[in-house]
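Structure assessment
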Amino acid sequence: MDSSRDIEISWASSPPALLREHHLADALRQEGPPAPDVQETELGAEEAFRGGLLFLPPEPMPGACIVYFHGGGFLAGGPRTHRSVASWLAHFSGMPVLSARYRLTPEHTYPAQSDDAVAACAKASTLFRRDDGFRLFLSGDSAGACVSLWGLLGLSAGLRPEVAGLLLFYGGFGLTESASIIRAGTPANGLDSSALRSMYARLLDGRNVTQFEQISPLHRAHDIREPAYIVAAEQDAVFDDSIALHQALNRNGTPARLVQAPGMDHGFLKQAGKLPQANESLRDAGTWLRERIAARG
């Protein structure tokens, strides 16, 4: 999913190769410069870990890491398309950010994405755990926010207690009909009802999209207890997904903060480094992350 209005692209029916090419071109068009003080390193695949990009700020906070999952409708994208987001998140949080690859649809269906998210968290633990413990944050945007929650729910009993918080940017969590989808979704941006149903159907290998409800973060919100910071873009078609998740977490008694980005559309964080609202949103998220570290002691 992206913010382009190219009418020749349909996220419901265009071939995956074309959608991936389009998504990459759109990401490069929007991309701002990376944070100048953040070091970027390529990490290769190793066993179950699919590889990714590691972003290290100066004097990174010890014993902590943010694992980040990119958007792209589960079909497109990668750490490269979200390079500026991860770089500035590292800058504003003062923490390492591991932007992780995960397998894409339609070649790889669920639970491949969940399994890869779990493997990325395990890799972060091996890289940054210290004798006095480890503090893990899971983050992602759009479809990647959904992947981050699947990763959370799949963590081992030994690693899940290390999760200090969740940072979720304009996530698509399972809705295919809502007021915001009607208002702002189009076939070109991949956020109308038809495109969203196709997205979830690809994830399930063409099975009835209603089966997605069983794995949707909205359906499984009662299993989420970790503090969450949820960013909803005001002009976004999946704005109501963030509202619904926030409400579901509140019903559970899960600490959850909902922050709205006025005037922003889906994918606006790709412009981090050149769009003031994107930097402001990431700066505020970084403040919340540091508050979570202080709260855990």
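First, a word on scope: everything that follows refers to the structure included in this document. All values derive from a computational prediction rather than experimental measurement. Think of each chain on its own: its residues are numbered from 1, step by step along the sequence as written. Predicted model: local features are reported for residues with pLDDT of at least 70 only, side-chain atom pairs are reported and counted for 80 or more only, and whole-chain, interface and lining totals are derived from all residues. Side-chain figures throughout are based on the complete set of non-hydrogen atoms in the structure, without hydrogens or water.

Focus on the sheet that holds strand β3 (residues 64-69)
Which entries qualify depends on this criterion: At least two bridges found by DSSP between two strands are what make those strands a pair. Think of it this way: any DSSP run of H or I at least four residues long counts as a helix, any run of E at least two long counts as a strand, and we number them from the N terminus. The axes are straight lines fitted to the C-alpha atoms, using for helices just the contacting stretch, and the angles between their N-to-C directions are given from 0 to 180°. Here a residue-residue contact requires only that any non-hydrogen atoms of the pair lie within 4.5 Å.
Strand order in the open sheet formed by eight strands is β1-β2-β4-β3-β5-β6-β7-β8, and the pairing between neighbours is mixed. With one partner strand each, in any of the chains shown, β1 (39-43) and β8 (256-261) form the two edges of the open sheet. Direction aside, the axes of adjacent strands within the sheet are offset by 20° on average. Pairing geometry for strand β6 (residues 163-169) and strand β7 (residues 228-233), over four bridges, is parallel. When the sheet's bridge partners are listed, L168 is paired in β7 with I230. Taken strand by strand, helix α7 (residues 239-252) contacts β6, β7 and β8, and its axis lies near 155° from that of β7. Along the sheet face, helix α8 (residues 276-296) touches β3, β5 (135-141), β6, β7 and β8 and points at about 165° away from the line of β6.

Let's talk about the nonpolar core
Applied cut-off: In this text, buried Ala, Val, Leu, Ile, Met, Phe, Trp, Tyr and Cys residues form a nonpolar core when linked through side-chain atoms within 4.5 Å. Between buried and exposed lies partly exposed: a residue is buried under 20% and exposed over 50% of the maximum accessible area for its type, with that area taken using a 1.4 Å probe on protein chains only.
Core analysis: the largest hydrophobic core is formed by 54 residues, its most contacted members being F74, L136, W150 and L166. Ranked by residues supplied to this core, first place goes to helix α4 (residues 143-154) with eight residues. With 35 residues, the next largest nonpolar core counts F137, F169, F268 and A278 among its residues.

A word on helix α1 (residues 16-30)
Residues separated by three or four positions in an α-helix point in the same direction, a consequence of the helix having 3.6 residues per turn. Quick reminder of the rule: Expected helix span is taken as 1.5 Å per residue step, with the number of steps being one fewer than the number of residues. An arc is given here, and it is the one of the directions from the helix axis to the C-beta atoms.
Under the 1.5 Å per step criterion, the end-to-end length of α1 is 21 Å for 15 residues, consistent within 8% with the ideal 21 Å. Regarding α1, the residues found buried are L19, H22, H23, D26, A27 and Q30. Considered in projection along α1, the buried side chains sweep an arc of 135° and stay on one side of the axis. Facing away from the buried side of α1, by more than 90 degrees, are the exposed residues A17, E21 and R29.

Thoughts on the packing of aromatic side chains
Heads up, the rule is: For this analysis, a ring pair means two rings from Phe, Tyr or Trp (six-membered ring only for Trp) whose centres lie within 6.5 Å, classed as stacked if their planes differ by under 30 degrees, edge-to-face if by over 60, and tilted for the remaining angles.
Under the definition given, this model contains nine aromatic pairs. An aromatic cluster of at least three residues, connected via ring pairs, comprises F74, Y110, W150, Y200 and F212.

Digging into the pattern of salt bridges
So the rule is basically this: Any carboxyl oxygen of Asp or Glu that lies within 4 Å of a side-chain nitrogen of Lys or Arg is treated as forming a salt bridge with it.
Applying the stated rule across the entire model yields 15 salt bridges. E107 is the partner of R20 in a salt bridge, and the nearest nitrogen-oxygen pair spans 2.7 Å. Placement of R20 in helix α1 and of E107 in the loop between β4 (97-100) and α3 (112-128) is noted, with a sequence separation of 87 residues between them. Here D116 and R103 are joined by a salt bridge, their closest N and O atoms 3.0 Å apart. Taken as a pair, D116 in helix α3 and R103 in the loop between β4 and α3 lie far apart in primary sequence, 13 residues in all.

A look at the environment of V231
Summarising the element assignment, V231 is placed in strand β7. On the basis of relative accessible area, V231 is assigned to the buried category, the value being 1%. Sequence separation between V231 and G44 is 187 residues; the distance between their C-alpha atoms is 30 Å. For V231, the contacting residues outside a window of four places in its chain are L168, F169, Y170, S242, V259 and S281.

Examining helix α6 (residues 193-203)
In terms of burial, α6 is a largely internal element, nine of the 11 residues being buried. Residues S193, A195, L196, S198, M199, Y200, A201, R202 and L203 constitute the buried set of α6. Contacts made by the buried residues of α6 are with α3, α4 and α5 (179-184). In the segment just after α6, D205 is the residue with positive phi, at about 60°.

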